[in-house]
Amino acid sequence: MKIDLHVHSKYSKRPSEWILKKLGCPESFTEPSKLYDIAMKRGMSMVTITDHNTIEGCLEIADKPGVFTSEEVTTYHPEDGCKFHVLVYDIDENIHKDLQEVRLNIFELIPYLREKGITHSLAHPLYSVNGKLDKDHVERCLVLFNNFEQNGARGETQNQRLRNILEALTPDQILKFAEKHRLEKFLTPETGKYLTGGSDDHSSLTIARRYTYVEGAIFKNDFFHGLEI
């Protein structure tokens with residue numbers, strides 16, 4: 001199965017980029033139905049939309065075959081306000097409402113996602129969304145997350161650096177990072193680190209140009225299970 005796991009519709013209305021804020025523009029003008037048609041035409045097995053902190057785009061096309069509901073959740077480090085984007089997959093309206101309650105603190109968001117067994121991935125892990133990301137934040141994320149995104153909009157240099165970091169990472173290093181940042185309670189028996197892929201399209205031009213492929217997957221559950229193999 002092939003799915004673009006990071007793509008935006010017209011419901012992503014609050015941009016992070018300063019120039020779009022100044023112009024009063026949304027992040028995307030793409031109609032959900034157009035997004036769906038393009039993704040399917042380009043060979044995607046299923047379609048989801050990851051708008052920022054909303055599932056309206058997914059709900060608009062929920063009656064179409066092969067659609068499931070996702071979103072890109074904005075969260076923060078509570079001490080310094082460093083902003084992160086977390087891609088959250090295959091949820092319902094009740095989960096979405098819960099996410100709005102816990103999302104402002106990354107140390108509340110991650111336990112919630114784990115408790116509910118919700119597949120999630122850190123979007124563009126080496127991109128500083130609000131200019132505050134540093135080495136310590138990256139180390140914390142290597143403890144908090146098992147899935148990390150290869151992002152289609154941020155360039156291959158960042159993606160290659162991410163691959164290099166994850167390939168060199170050992171369980172002992174994860175433990176050291178957890179101890180250094182007092183995150184021992186976030187350690188899990190699963191120490192593997194995996195990659196997801198998404199276009200991060202905001203224009204409809206690059207939909208499905210980067211996607212996640214799971215060999216042998218036939219159903220959605222197979223696909224998400226296969227992310228971590």
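Conventions and cut-offs
- Within every chain, residues take consecutive numbers counted from 1 along the sequence as written.
- The predicted origin of the model limits local features to residues at a pLDDT of at least 70 and limits the giving and counting of side-chain atom pairs to 80 or more, whereas totals for whole chains, interfaces and linings rest on all residues.
- In computing side-chain values, all of the structure's heavy atoms are included and hydrogens and water are not.
- Within 6.5 Å between ring centres, the rings of Phe, Tyr and Trp (the latter by its six-membered ring) count as paired, and their orientation is classed by plane angle as stacked under 30 degrees, edge-to-face over 60, tilted in between.
- Using a 1.4 Å probe on the protein chains alone, a residue whose accessible area is under 20% of its type maximum counts as buried, one over 50% counts as exposed, and one in between counts as partly exposed.
- The criterion is that NZ of a Lys, or CZ of an Arg, lies within 6 Å of the ring centre and within 35 degrees of the ring normal, and then a charge sits over that ring.
- A pair is scored as a salt bridge if a Lys or Arg side-chain nitrogen falls within 4 Å of a carboxyl oxygen belonging to Asp or Glu.
- Strands are runs of DSSP state E lasting at least two residues, helices are runs of H or I lasting at least four, and both sets are numbered from the N terminus onward.
- Every residue pair with non-hydrogen atoms within 4.5 Å of one another is taken to be in contact.
- Polar contacts, as counted here, are pairs of nitrogen or oxygen atoms within 3.5 Å of one another; within protein the pair requires one atom able to donate a hydrogen and one able to accept it, and residues that are adjacent in sequence qualify only if both atoms are side-chain atoms.
- To estimate how far a helix should reach, multiply one less than its number of residues by 1.5 Å.
- Taken from the helix axis, the directions to the C-beta atoms give the arc we talk about.

Overview of the packing of aromatic side chains
Tallying each qualifying case throughout the model produces five aromatic pairs. When the centroid spacing of 6.3 Å and the interplanar angle of 65 degrees are considered together, the rings of Phe145 and Phe148 count as edge-to-face. An identical accessibility class is assigned to Phe145 and Phe148; each is buried. Through pairs of rings, three or more aromatic residues link up here, namely Phe68, Tyr89, Phe223 and Phe224. Here the basic side chain of Arg154 rests over the ring of Tyr127, its NZ or CZ set 3.7 Å away from the ring centre.

Observations regarding the pattern of salt bridges
Under the criterion given, the structure shown has seven salt bridges. The residue Asp136 makes a salt bridge to Lys180 at a minimum N-O spacing of 3.4 Å. Residue Asp136 is found in helix α6 (residues 135–144), and its partner Lys180 is found in helix α8 (residues 171–180); the two are separated by 44 residues along the sequence. Exposure remark for Asp136: the relative accessible area of 29% places this residue in the partly exposed category. Assessed through its relative accessible area of 49%, Lys180 is described here as partly exposed. Close ionic contact of Arg163 with Glu156 constitutes a salt bridge, the shortest N to O distance being 3.9 Å. For Glu156, a relative accessible area of 41% corresponds to the partly exposed category. Each of Lys135, Asp136, Glu139 and Lys180 takes part in salt bridges that share partners, so that together they form one network.

Examining α6
Where burial is concerned, most of α6 is hidden: eight out of the 10 residues are buried. When α6 is considered as a whole, its buried residues turn out to be His137, Val138, Glu139, Arg140, Cys141, Leu142, Val143 and Leu144. Where α6 is buried, its residues contact β3 (83–88), α5 (106–116), β4 (120–122), β5 (147–151), α7 (156–168) and α8. Measuring from the backbone nitrogen of Asp136 back to the side-chain oxygen at the start of α6 gives 3.1 Å, which picks out Asp134 as the cap.

Looking at α7
Taking 1.5 Å of rise per residue, the 13 residues of α7 would be expected to cover 18 Å, and the 18 Å separating its terminal C-alpha atoms lies within 8% of that figure. Where α7 is concerned, the buried positions are Asn159, Leu162 and Leu166. The buried residues of α7 occupy one face: seen down the axis, they fall within an arc of 60 degrees. What points out from α7, more than 90 degrees from its buried face, is the exposed set Thr157, Arg161 and Glu167. The elements touched by buried residues of α7 are α6, β5 and β6 (194–198).

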